[in-house]
Amino acid sequence: MKDRVKKSIILVSVGIIVNVILAIVKMYVGLSSNSLCIMLDAVNSFLDIITCIVTLIFFIVLLAPKSEKAPFGYGRGEYLSGFIVSVVAVVVGGLFFLRSINRMAMPEPVWFSWQNCVLISVTLPVKIGMGLMYYFANKKIKSTAIKAIMIDSFLDIGVTATSVVSFAISSNVDYAVDAIFGIVVSVFIVVVAIKMVVDNVKAIVVGDGAQDEKNAISAACDDLGVTIDKIVLHDYGFGAKVGDVFVRYDGKDVSKELHDKVMAATNADVTFIRIEDDAQSDDNANENDLNACAVDSENRD
């Protein structure tokens, strides 16, 4: 668990450093060329730095030991971090849209230069590399916070690509091309970001669905020939699920073996509760009654 958090901290820290460099380059190009798209792209990179710092703080908090106030740890903080990132994305998209509308109403000249074009173009493969880094790393980490940063990075790729295209076209067109591109991109960002907000609110309220834990429970029960009657899980973050599973099976008690299998696979603390069939319960009751009668007879003799 701690190894996962440490990897996440390294991942986010790398993202902060890269975003700082990208933000400085984009702001330089945006100010020197008076390109709206590039300036908004730079602002977006600065906001990415803030969201990465917030996410980093949450991951550092996850390293804190469990306490009486938080007996199951602070794992749900990941969901809150993902929510903050998605809200920032909505705000950025909204500001991007408003500024683009304003630029369309009052067009301003854009000063093109090949130096600036090359500088802003170089940031594109860097951002693609960041998005892929988050994507492949999160296949093992499985963090909602990293997922939110990953989606935001891929959205940034669209913003930067649009900035490059509009910057190149603006040199040959007098109309506010960057404003048109800005409106299209901002609408797309807002739509995707709103979906991210909904998904993260759902995770905060009801959890992430615990699908990995449910799959592990099903696999363990299938291996031992156990029938699942009901699963009740409580979500306290990644690797911090607790709950009860009501099962039916014949023969010896395998509840501890089931518990250990699920714990080893997902770190979930699950208690398996055996439900006896009515017929089996009646047989056990009759057997207990016979044993009681036998003991009573021996006492009388």
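Fair warning: this is a prediction, and the values are worked out from it, not measured in the lab.

Trainee: Kindly report on the pattern of salt bridges, identifying the contributing residues and their values.
Mentor: Taken as a whole, this structure holds seven salt bridges when the rule is applied. Between Lys26 and Asp41 there is a salt bridge; the shortest N-O distance is 3.2 Å. In this pair, Lys26 sits in helix 1 (residues 2-33) while Asp41 sits in helix 2 (residues 36-62), placing the two residues 15 residues apart along the sequence. The exposure class assigned to Lys26 is buried, which follows from its relative accessible area of 1%. Relative accessible area serves as the criterion here: at 0%, Asp41 is assigned to the buried category. Across the pair Asp156 and Lys127 runs a salt bridge whose closest N-O atoms are separated by 3.3 Å. Here the residue Asp156 occupies a position in helix 5 (residues 144-170), and Lys127 occupies one in helix 4 (residues 114-141), the gap between them amounting to 29 residues. Taken individually, Asp156 and Lys127 each receive the classification buried, so the pair is uniform in this respect. Residues joined by salt bridges that share partners form a network here, namely Asp48, Lys127 and Asp156.

Trainee: Please provide a residue-by-residue account of the packing of helix 7 (residues 211-223) against helix 8 (residues 255-266), values included.
Mentor: Two elements in contact, helix 7 and helix 8, have axes separated by 9 Å at closest approach and are oriented at 140°. When the axis of helix 7 is compared with that of helix 8, the two are oblique. At the point where helix 7 passes helix 8, the crossing takes the right-handed sense. Contact residues: Asp212, Glu213, Ala216, Ile217, Ala220, Cys221 and Asp223 in helix 7; Leu258, Lys261, Val262, Ala265 and Thr266 in helix 8. Here the contact of helix 7 with helix 8 is built from residues that sort into seven nonpolar, one polar and four charged.

About the thresholds
Residues numbered from 1 in each chain as written. Predicted model: local features only at pLDDT ≥ 70, side-chain atom pairs only at ≥ 80, totals over all residues. Heavy atoms only, no water. Salt bridge = Lys/Arg side-chain N within 4 Å of Asp/Glu carboxyl O. Helix = DSSP H or I, 4+ residues; strand = E, 2+ residues; numbered from the N terminus. Buried < 20%, exposed > 50% of the residue type's maximum accessible area, 1.4 Å probe, protein only. Axes fitted to C-alpha atoms, helices over the stretch in contact; angles between N-to-C directions. Parallel < 35°, antiparallel > 145°, perpendicular 65-115°, else oblique. Left-handed = near helix turned anticlockwise from the far one by under 90°. Contact = heavy atoms within 4.5 Å. Nonpolar A, V, L, I, M, F, W, Y, C, P; charged D, E, K, R; others polar.

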